[in-house]
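# Survey of secondary and tertiary structure
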Amino acid sequence: MPPTLSTLRTGDRLDRRLPAGQPPGQATLAAFAMAGAPDQREVRTLLEALGRHAGVLEVGLPYSDPWLDGPVVAEAGAEALRAGFRTADLFPLVEMLRVRTPAAITVMSYWNPVRAFGPPDFARRLAEAGGSAVLLPDLPVEEAEPWLDAAHQYGIRTSFLVSPDCSPRRLALVAAAADGFLYLPAARAVSGHRGGLDVPIGEAVRRLRQACGLPVAAGIGITCPQQAVALARTVDCVVVGSAFLRLTQADPGPGGIRAAEALAAGFARALRPQRPTGDPGADPVPFPPA
């Protein structure tokens, strides 16, 4: 008997893969790739490979005006749109990843594609496919009610991008609305930044943990496992995207995917340092299948 919306409980997988308050030095790897880039077949292979090492897969929804993204992610979105990707193509991809990987599947999208598709239809289709959460980085919390109503109806978690300089009032609003995770930029820059991490993460994370008990993720500008290890002293999740996409864009096909998977494995090992080689629990995704 196929699962129904009442039995899918898609957020449960996110809870297992991304618990809040992980021990210092340990964190979940979240791996980002753009849906449909460079085409639908190759991104399936890439995300399945990343899902062997990441506890969370963050799937980007292509958009024609990616004003928050750097050139690497923007080019991936443009590739997908040139190849004919449409919003409806997202849901079969999510369903495949839910079946073929143990990772929690989240979607990152600008608000306009979701608004155009219809928030209730988007949330329903994502829940049916087995997605866990959505991050809408350009949707202000004050304007999020149409999405939040739809997400609550179908059991989809909502995550928010939170500025390290967020005012106490806005942070309280975000903490009340969010039920996925809080995404903290590690650099004051667009995605793909390579100039170092310039956000005082420790103080920012302390403020977020005082506001709510949700997991805290950090992303933007993370290019190597050493940076991830430093962030894992305070955050629950490290998000990496452009570092993988650079490899696949430089070498399209199997070679680039192998290189991206090797980098993901390195990140995963660095974020779970306590597990010795040969330990039967040494799977880089340290949780049982959903």
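These numbers were taken from a predicted model, which means no experiment stands behind them. (Residues numbered from 1 in each chain as written. Predicted model: local features only at pLDDT ≥ 70, side-chain atom pairs only at ≥ 80, totals over all residues. Heavy atoms only, no water.)

## A short note on the sheet that holds strand β1 (residues 28-34)
Formally: At least two bridges found by DSSP between two strands are what make those strands a pair. In DSSP terms, a helix is any run of H or I states spanning at least four residues, a strand is any run of E spanning at least two, and both are numbered starting from the N terminus. Comment: axis = line fitted to C-alpha atoms, over the contacting stretch for helices; angle = value between 0 and 180 degrees taken between N-to-C directions. In this description, contact between two residues means that some pair of their heavy atoms is separated by no more than 4.5 Å.
Strand order in the closed barrel formed by eight strands is β1-β2-β3-β4-β5-β6-β7-β8, and the pairing between neighbours is parallel. Ignoring which end each strand starts from, the neighbouring axes of this sheet average 25 degrees apart. Pairing of strand β7 (residues 216-219) with strand β8 (residues 237-240), which is carried by two bridges, proceeds in the parallel orientation. Considered in β8, the bridge of alanine 217 is made with cysteine 237. Here helix α5 (residues 90-100) sits on the sheet and contacts β2 (56-60) and β3 (104-108); the angle it forms with β3, its principal contact strand, is near 155 degrees. Each of β1 and β8 touches helix α13 (residues 254-271); the most contacted strand, β1, lies at about 160 degrees to it.

## Considering the pattern of salt bridges
Test applied: A pair is scored as a salt bridge if a Lys or Arg side-chain nitrogen falls within 4 Å of a carboxyl oxygen belonging to Asp or Glu. For every residue, the accessible area obtained with a 1.4 Å probe (protein chains only) is divided by the maximum for its type, and the residue is called buried under 20%, exposed over 50%, and partly exposed between those limits.
Counted under the stated rule, the structure contains ten salt bridges. Measuring nitrogen to oxygen at the nearest pair gives 2.4 Å for the salt bridge that ties glutamate 203 to arginine 206. On the criterion of helical spacing, the pair formed by glutamate 203 and arginine 206 is a turn pair, its members being three residues apart in helix α10 (residues 201-211). Since its relative accessible area comes to 37%, arginine 206 is described here as partly exposed. Within this structure, Asp121, Arg124 and Glu128 form a network of salt bridges that share partners.

## A short note on the packing of aromatic side chains
Formally: We call Phe, Tyr and Trp rings a pair once their centres come within 6.5 Å, taking the six-membered ring for Trp, and we label the pair stacked below 30 degrees between planes, edge-to-face above 60, and tilted otherwise.
Under the criterion given, the structure shown has six aromatic pairs. With centroids separated by 5.4 Å and ring planes inclined at 70 degrees, the aromatic side chains of phenylalanine 91 and phenylalanine 122 adopt a geometry described as edge-to-face. In this pair, phenylalanine 91 sits in helix α5 while phenylalanine 122 sits in helix α7 (residues 119-129), placing the two residues 31 residues apart along the sequence. You'll find phenylalanine 91 and phenylalanine 122 in the same group, each marked buried. Ring centres of phenylalanine 122 and tryptophan 147 lie 6.1 Å apart, and the angle between their planes is 70 degrees; on these two criteria the pair is classed as edge-to-face. Of this pair, phenylalanine 122 sits in helix α7 while tryptophan 147 sits in helix α8 (residues 145-154), and the two are 25 residues apart along the sequence. The residues phenylalanine 122 and tryptophan 147 share a single accessibility class, namely buried.

## Description of the environment of arginine 170
This is how it is decided: In protein, a polar contact means a hydrogen-donor-capable atom and an acceptor-capable atom, both N or O and within 3.5 Å, with residues adjacent in sequence counting only if both atoms are side-chain atoms; elsewhere, any N or O pair within 3.5 Å suffices.
Mapping arginine 170 onto the fold places it in helix α9 (residues 168-177). The class for arginine 170 is partly exposed, based on a relative accessible area of 34%. The residues touching arginine 170, leaving out its near neighbours within four places in the chain, are Val141 and Glu142. Engagement of the side chain of arginine 170 in a polar contact is seen with the side chain of glutamate 142, the distance being 2.8 Å.

## Quick look at the side chain of glutamine 26
Among the structural elements, glutamine 26 can be located in the loop between α2 (11-17) and β1. Since its relative accessible area comes to 14%, glutamine 26 is described here as buried. There is a polar contact of 3.2 Å between the side chain of glutamine 26 and the side chain of arginine 272.

## So, the packing of helix α12 (residues 242-250) against α13
A pair of packed helices is characterised by two quantities: the angle between their axes and the separation of those axes. Our working definition: We call two directions roughly parallel when the angle between them is under 35 degrees, roughly antiparallel when it is over 145, roughly perpendicular when it lies between 65 and 115, and oblique otherwise. For any helix crossing, the convention is left-handed if the near helix is rotated counterclockwise from the far helix by under a right angle, and right-handed if that rotation is clockwise. Only Asp, Glu, Lys and Arg are considered charged, only Ala, Val, Leu, Ile, Met, Phe, Trp, Tyr, Cys and Pro nonpolar, and every remaining residue, Gly among them, polar.
Here α12 crosses α13 at 155 degrees, and the two axes come no closer than 7 Å. By the angle between their directions, the pair α12 and α13 is classed as roughly antiparallel. As α12 packs across α13, the resulting crossing turns out to be right-handed. The residues of α13 that touch α12, namely those facing Ala243, Phe244, Leu247 and Thr248, are Gly256, Ile257, Ala259, Ala260, Leu263, Ala264 and Phe267. Within the contact of α12 with α13, the residues separate by chemical class into nine nonpolar, two polar and no charged.

## Digging into the nonpolar core
Side chains that are nonpolar tend, in soluble globular proteins, to be buried together. Stated precisely, the cut-off is as follows: Residues enter a nonpolar core if they are buried and are Ala, Val, Leu, Ile, Met, Phe, Trp, Tyr or Cys, with the set joined through side-chain atoms within 4.5 Å.
In terms of nonpolar packing, the biggest core is built from 100 residues, with Leu57, Leu90, Phe122, Trp147 and Val238 touching the most fellow members. The contact partners of tryptophan 147, leaving out residues within four places of it in the chain, are Trp111, Val114, Pro119, Phe122, Ala123, Val134, Leu136, Leu139, Ile156 and Thr158.

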